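Chains, contacts and geometry: an overview
Spelled out, the chains give:
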Amino acid sequence: MAAAMASQGERAVLEEEFKWLLQEEVHAVLRQLQDILKEASHRFALPTSGSGGAVKQENFVLSTSGTDQVKGVMTLQGDALCQADVNLKMPRNNQLLHFAFREDKQWKLQQIQDARNHVNQAIYLLMNRDVNYQFKTGLEVLKLMDAVMLQLSRARNRLTTPATLTLPEIASSGLTKMFTPMLPPDILVNFYINLNKLCLTVYQLHVLQPSTTKNFKPAGGSVLHNPGAMFEFGSQRYEVSHVHKVECVVPWLNDALVFFTVSLQLCQQLKDKISVFSSYWNYRPY
């Protein structure tokens, strides 16, 4: 009851504070968000020098401690793998197989491309106003923050949530046609981003003979399929016999994820301040 009877003087103070929030603090936060997200966008572009410079190539070695079953050397250029060399030691006979991208091929990492597009969309939302624009209501600010946070959440989710693929989808992927020599029919590979890491998964397969007594159960979609997973491709049935996953940290992806987290926190803090005025003494500045 006391809260509902706030004095006119107290209400006037609230109105002045809220006016300052809309006219000053909101714009300060928007400028801060723009600066942070431009830094994030620059991480994705990685220009070598000046505007319009070529995107820098970075080499990464993908391996797993304690085993040399699979080793990959990847060249990442922005959102594209432009070179890939994979060494695979076959467990049956220790035979060493080597595969590399054809010189005329590169593999786009759609996760990076999508994340960058969402960041740029968030920047557009923040800058899509005249420099002298004045927000008139708290609801207007809340709607802007929600729209920006949606783009940032989508950008983060594209990096933290790799696509789930079935084994036939991996087998029919254009990635299988990029190597020289050609991948043998009992080898599948997949590249993806998981958080701040570039990951390579190699599946070794064996053919299920028609006379097999195994109960054939096709595997569904997954980020990582386990040994024993079965699938049908063409006229042949296969079972995964070995799975090798190697990875390495991409430092600028780590930077981008930190920028996303900080930006989302700033958006939420501004929303919380706006919300305080909507509930404090039943004051509703909408």
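Only a predicted model underlies this, so the values are computations on that prediction, with no experimental measurement involved.

**Topic: the overall build of the chain**
Scanning the chain from N- to C-terminus turns up five helices and 10 strands. Taking all 286 residues of the chain together, 41% fall into the buried category. Long-range pairs, those at least 24 residues apart, make up 66% of the contacts in the chain between residues at least 6 apart in sequence. Looking at the chain as shown, the accessible area adds up to about 15,100 Å², and 52% of this sits on carbon and sulfur atoms.

**Quick look at the nonpolar core**
Phe 44, Met 74, Met 145, Phe 179, Phe 191, Leu 200 and Phe 260 are the most contacted members of the largest nonpolar core, which has 69 residues in total. Ignoring sequence-local partners within four residues, the contact set of Phe 179 consists of Val 86, Phe 99, Ala 100, Phe 101, Arg 102, Val 189 and Phe 191. Counting residues in hydrophobic clusters, the runner-up holds 10 residues, among them Tyr 203, Leu 205, Phe 231 and Val 240.

**Some points on the packing of aromatic side chains**
Counted under the stated rule, the structure contains six aromatic pairs. Taking the centre distance of 6.2 Å and the plane angle of 85 degrees together, the rings of Phe 101 and Phe 191 count as edge-to-face. In this pair, Phe 101 is assigned in strand S4 (residues 96–101) and Phe 191 in strand S7 (residues 187–194), connecting sequence segments 90 residues apart. Each member of the pair, Phe 101 as well as Phe 191, is classed as buried. Plain terms: the ring middles of Phe 231 and Tyr 238 are 5.3 Å apart, the flat faces sit at 20 degrees to each other, and that makes the pair stacked. For the pair Phe 231 and Tyr 238, one class covers both residues: buried. In textbook terms, an aromatic cluster arises when at least three aromatic residues are bridged by ring pairs, as seen for Phe 44, Trp 252 and Phe 260. The cationic tip of Arg 129 hangs over the ring face of Tyr 133; the distance from NZ or CZ to the ring centre is 5.6 Å. Between the NZ or CZ atom of Arg 237 and the centre of the ring of Phe 216, over which it lies, the distance is 4.0 Å.

**Some words on the side chain of Gln 111**
Relative to the assigned elements, Gln 111 resides in helix H2 (residues 110–127). Within the structure, Gln 111 has its side chain in polar contact with the backbone oxygen of Arg 158 (distance 2.7 Å). Sequence-distant contacts of Gln 111, defined by excluding residues within four places in its chain, comprise Arg 158, Leu 159, Thr 161, Pro 162, Tyr 192 and Ile 193.

**Observations concerning unusual backbone geometry**
A cis amide bond links Thr 180 with the next residue in sequence, Pro 181, at an omega value of -5 degrees. Mapped onto the secondary structure, Pro 181 falls in the loop between strand S6 (179–180) and S7. Despite not being glycine, Leu 195 has its phi angle at roughly 60 degrees, a positive value. Tracing the chain through its elements places Leu 195 in the loop between S7 and strand S8 (197–207). Accessibility expressed as a relative area gives 42% for Leu 195, which makes it partly exposed.

**Remarks on helix H3 (residues 138–160)**
The terminal C-alpha atoms of H3, which comprises 23 residues, lie 32 Å apart, in line with the 33 Å expected from a rise of 1.5 Å per residue. Taken together, the buried positions of H3 are occupied by Gly 138, Val 141, Leu 142, Leu 144, Met 145, Val 148, Met 149, Gln 151, Leu 152, Ala 155 and Leu 159.

**Section: the pattern of salt bridges**
Proximity of charged atoms lets side chains of opposite charge pair with each other. Per the stated rule, a full pass over the model turns up 11 salt bridges. The partner of Arg 43 in a salt bridge is Asp 255, with the nearest N and O atoms 3.1 Å apart. You can see Arg 43 sitting in helix H1 (residues 8–45) and its partner Asp 255 sitting in helix H5 (residues 251–279), a full 212 residues away along the chain. Judged by relative accessible area, which is 29%, Asp 255 ranks as partly exposed. For Arg 102, the salt bridge is made with Asp 104, and the minimal N-O distance between the two is 3.0 Å. Assessed through its relative accessible area of 32%, Arg 102 is described here as partly exposed. Judged by relative accessible area, Asp 104 falls into the exposed class, the value being 56%. A single salt-bridge network, built from bridges that share partners, covers Glu 39, Arg 43 and Asp 255.

Cut-offs used in this document
Residues numbered from 1 in each chain as written. Predicted model: local features only at pLDDT ≥ 70, side-chain atom pairs only at ≥ 80, totals over all residues. Heavy atoms only, no water. Helix = DSSP H or I, 4+ residues; strand = E, 2+ residues; numbered from the N terminus. Buried < 20%, exposed > 50% of the residue type's maximum accessible area, 1.4 Å probe, protein only. Contact = heavy atoms within 4.5 Å. Areas by Shrake-Rupley, 256 points an atom, 1.4 Å probe, with all protein chains shown as cover. Core = buried A, V, L, I, M, F, W, Y, C linked by side-chain atoms within 4.5 Å. Phe/Tyr/Trp six-rings, centres within 6.5 Å; stacked < 30°, edge-to-face > 60°. Lys NZ or Arg CZ within 6 Å of the ring centre and 35° of its normal. Polar contact = N/O pair within 3.5 Å; in protein donor to acceptor, adjacent residues only side chain to side chain. Expected span 1.5 Å × (residues − 1). Salt bridge = Lys/Arg side-chain N within 4 Å of Asp/Glu carboxyl O.

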